[in-house]
Structure formats: structure tokens, C-alpha cells
Amino acid sequence: MAATVFYLDDIPEPGAIAVLDGPEGRHAATVRRTRVGEPITLSDGRGLLAESEVVAAQKDRLELKVHNRVLAAPATPRVTVVQALPKSDRSELAVELMTEAGADTIIPWQAARCIANWEGKAGKAVDKWRAAARTAARQSRRAYIPEVTDLHRTRGLLDAISKVVQTDGIVVALHESGAARFVELPFGKATEIMLIVGPEGGLTESELTAFAAAGAEVTLLGPTVLRTSTAAAVALGALGALTHRW
């Protein structure tokens, strides 16, 4: 893959000219100072990659000749991260880190002990997470931009857990009280994996009980207690080594 990746919803056939404008074009032309003749990898964020070359550059727009297109295989098993809302100063950092570490889907969750509260502003907050995921995906040269879902409450989250378990997936609630150790779970056989990361104040007993009843494994990730904004990235790194994702 070329050193620079930019996202374009509709990538034309090889030989055609693609136009990169809007925020992506402005970033490429003005911030990155991309010039005529430079190679660019285009992606639609859904797995399609295209090698291209800049044939015209303006202040906030690039024209690129597409040389080839290829569909990148998604990482398996697919990993969803349920992220309890971090404090505002670390919220988008959590999204950036888990995107760079390979999360496929991100579910923002209003847990009982969340310091942050998205009541009345969930739409704007989710948009910020989606923008952060897109930027981090570009930085890490990902062919797939993680899906960031709408805000979940615990009741809706329990339904999502049940669906994963019913399809032979593994759901892991990361918590220091877990009897199981993360490295001992049979991730290699899982069709899908869901990681649940609690807030700064930790998961409540009622949440842990409800998750276990829905089929989740309450699991100890490692020997230290991690921040809610970094736990998902650490777990995703471990999964990369414990499965075929890497």
C-alpha cells in the first residue's frame, strides 16, 4: 500500500479520473501538500483499495488517475468494542487508539458509572467519534473504517451480547474480578468477538451479573488496571496475536 491513504466513497474503474475534494481533498492538497505525480492510495472505507497518481492539484481538490483496484479481505474474527463513555478529554483518544489497533465496530455505551453523560447530545457526540475513527483509520492506513453505532443503553447492549453468543461468538467483559484469564479463552475458534470496556468508575455488580447472564465472560485482561481509554487497544493487540487477525 502507498504511504498515503485517502477516502473516497465512489472509486471509479482503472483508467478513469477520480476527484478528491471536500475535507479529504483539502487535507491532501493543503495539509499534506500533495503534488502532481505523487502516488495516492484511495479507499472507500469498506475494503476497496485503488492505487492512483495525482494528475492535477488545486487548493482543495485533487484529480487522480486510477491504476488498479483490489478488495482487501477483512480481518477475522470480527471484533466489536463496547466502550463505556470516557471523560471528555479522553473520549476521542479512546476511539483513535482502538481504531489504530483494529476495532471493526465501536459501540458507545452509557454505563451506570460513566462520568460523561450524552443525554441530549448523543447525535453530535457520535458524529465526533465517527470523525475520529475516520481520521485514525487514515493514519493507520486501514482499508476499512470502523462502524461507530448510535449510543447504547444497557438494555440494548444485552440484546447485542445475546446475538453474538447465539452465533458462536465470544463476549468478554474486561474486569479485575474475572475468574478467567484473557489469554485462556478460545478466541481462535470464535466467529466473532465482543469486548466490553467499563468506565473510569468500573462496572457495577448488576452490570456484571447481567452480562454474565447474557453469556459474557467476565475476564481479567492482564496484571495491571488500565484506563478505560486504553484498555480496548491493549485487548485488541492481544487478540491480534491470539487469533489470525495479524
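For the structure itself, look to the data block above.
Scoring rules and cut-offs
Counting restarts for each chain, with residues numbered from 1 along the sequence as it is written. A pLDDT threshold of at least 70 governs which residues receive local features in this predicted model, and a stricter bar of 80 or more applies before side-chain atom pairs are shown or counted, although totals over entire chains, interfaces and linings include all residues. Where side-chain values are given, they derive from all heavy atoms of the structure, hydrogens and water being excluded. Here, any two strands with at least 2 DSSP bridges between them count as paired. By definition, any uninterrupted DSSP run of H or I lasting at least four residues is a helix, any uninterrupted run of E lasting at least two residues is a strand, and each is numbered from the N terminus. Angles run from 0 to 180 degrees between N-to-C directions of axes, and those axes are lines fitted to C-alpha atoms, restricted for helices to the stretch in contact. Aromatic pairing here means that ring centres of Phe, Tyr or Trp (its six-membered ring) are within 6.5 Å. Orientation follows from the plane angle: under 30 degrees is stacked, over 60 is edge-to-face, and everything else is tilted. Note on classification: 1.4 Å probe, protein chains only; a residue is buried when its accessible area is under 20% of the maximum for its type, exposed when over 50%, partly exposed between these limits. Any Lys or Arg side-chain nitrogen located within 4 Å of an Asp or Glu carboxyl oxygen qualifies as a salt bridge.

Before going further, it helps to spend a moment on the sheet that holds strand β1 (residues 5-7). The mixed open sheet is built from five strands, whose spatial order is β1-β3-β4-β5-β2. Two strands lie at the open edges of the sheet, namely β1 and β2 (17-20), each paired on one side alone. For this sheet the average axis-to-axis angle between neighbouring strands, irrespective of direction, equals 40 degrees. Here β2 runs beside strand β5 (residues 61-71); their pairing, made up of four bridges, is antiparallel. When the bridges of β5 are listed, Leu-20 appears paired with Leu-62.

Moving on: the packing of aromatic side chains. Inspection of every chain in the model, using the stated rule, returns three aromatic pairs. Both rings, one in Trp-118 and one in Trp-129, keep their centres 5.1 Å apart while their planes meet at 80 degrees; by these two values the pair is edge-to-face. With a gap of eleven residues between them, Trp-118 in the loop between β7 (105-109) and α3 (122-139) and Trp-129 in helix α3 connect regions that are remote in the sequence. Just as Trp-118 is buried, Trp-129 falls in that class too.

Right, let's get into the pattern of salt bridges. In total, this model carries eleven salt bridges according to the counting rule given. Between Arg-134 and Glu-24 there is a salt bridge, and its shortest N-O distance comes to 3.6 Å. Separated by 110 residues along the polypeptide, Arg-134 in helix α3 and Glu-24 in helix α1 (residues 22-31) bring together distant segments of the chain. A relative accessible area of 29% places Arg-134 in the partly exposed class. Linking Asp-104 and Arg-142 is a salt bridge whose minimum nitrogen-to-oxygen distance equals 3.9 Å.

Everything listed here is a matter of geometry and, on its own, says nothing about what the molecule does.
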